[in-house]
Amino acid sequence: MTHHYGATYRGKQISVESIEQRNGDVLCKVSIDDEPAPHLRGNPFSSLAAAQVTAVGYARAVIDTLLDNDVAEHHGYFIRVNSTEQIDGTWVGNYQLHRNDNPVAFRRVVCEDFRGNTSVEAEQYAMAAAFLAVDADIAAGKL
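Residues numbered from 1 in each chain as written. Predicted model: local features only at pLDDT ≥ 70, side-chain atom pairs only at ≥ 80, totals over all residues. Heavy atoms only, no water.

Caption draft 1: Looking closely at helix α2 (residues 119-139). For α2, spanning 21 residues, the distance from its first C-alpha to its last is 30 Å, which sits close to the expected 30 Å at 1.5 Å a residue. Among the residues of α2, those classed as buried are Ala122, Ala126, Met127, Ala129, Ala130, Ala133, Val134 and Asp137. Residues of α2 that are buried sit in contact with β5 (71-74), β6 (77-85), β7 (91-99) and β8 (107-110). (Helix = DSSP H or I, 4+ residues; strand = E, 2+ residues; numbered from the N terminus. Expected span 1.5 Å × (residues − 1). Buried < 20%, exposed > 50% of the residue type's maximum accessible area, 1.4 Å probe, protein only. Contact = heavy atoms within 4.5 Å.)

Caption draft 2: Representation of the environment of alanine 49. The topology assignment puts alanine 49 in helix α1 (residues 48-67). For alanine 49 and valine 26, which are 23 residues apart along the polypeptide, the C-alpha to C-alpha distance reads 9.4 Å.

Caption draft 3: Region of the structure containing the pairing of β6. Examined bridge by bridge, β5 and β6 share 4 bridges and lie antiparallel to one another. Residue valine 71 lies in a different strand from β6, and its bridge partner there is arginine 80. Direction of pairing for β6 relative to β7: antiparallel, over a ladder of 9 bridges. Looking at the pairing, glutamate 85 lines up with tryptophan 91 of β7. Taken together, β6 and the strand that follows it, β7, pair antiparallel across an intervening segment of 5 residues, in which glycine 89 is found at a positive phi of about 90°. (Pairing = 2+ DSSP bridges.)

Caption draft 4: Broad picture of the pattern of salt bridges. Inspection of the entire model under this criterion finds 4 salt bridges. A salt bridge links lysine 12 to aspartate 33; its shortest N-O distance comes to 3.9 Å. One end of the pair, lysine 12, is in strand β2 (residues 12-20); the other, aspartate 33, is in the loop between β3 (26-32) and β4 (35-36), with 21 residues separating them in the sequence. Relative accessible area serves as the criterion here: at 37%, aspartate 33 is assigned to the partly exposed category. Note that arginine 115 is salt-bridged to aspartate 88, the shortest N-O span being 4.0 Å. In this pair, arginine 115 is assigned in the loop between β8 and α2 and aspartate 88 in the loop between β6 and β7, connecting sequence segments 27 residues apart. Residue classification places aspartate 88 among the exposed positions, given a relative accessible area of 54%. (Salt bridge = Lys/Arg side-chain N within 4 Å of Asp/Glu carboxyl O.)

In structure tokens, the structure reads:
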């Protein structure tokens, strides 16, 4: 049986298609403004409610990455960056990794090996470091 669920977030239309399998699992597909968002983590889900809540949370996080400059999605993981000014006037970037739209980061890293002249420079370095870390962990089978 197929279930459809929709929501609107920040002007974008979220569509969730959930398919109940014979064994009770629920497979879920997400699209935003009719474009597929394929990196949803957790498929298959144990219940329809869990699938829909997780899918909408994931879609909201994807929309945030499209509209905000401090968040990116990479291989289904969300990276949030920020920076802090140091006493000497330089900037150090840091990143947090999240799954789906989970507000609790499963990894937080300060990129102390690079000091930028601006917050943007430090955040760009942190984003690049996060992309490399995610790629390395996927290749190593850790993610």
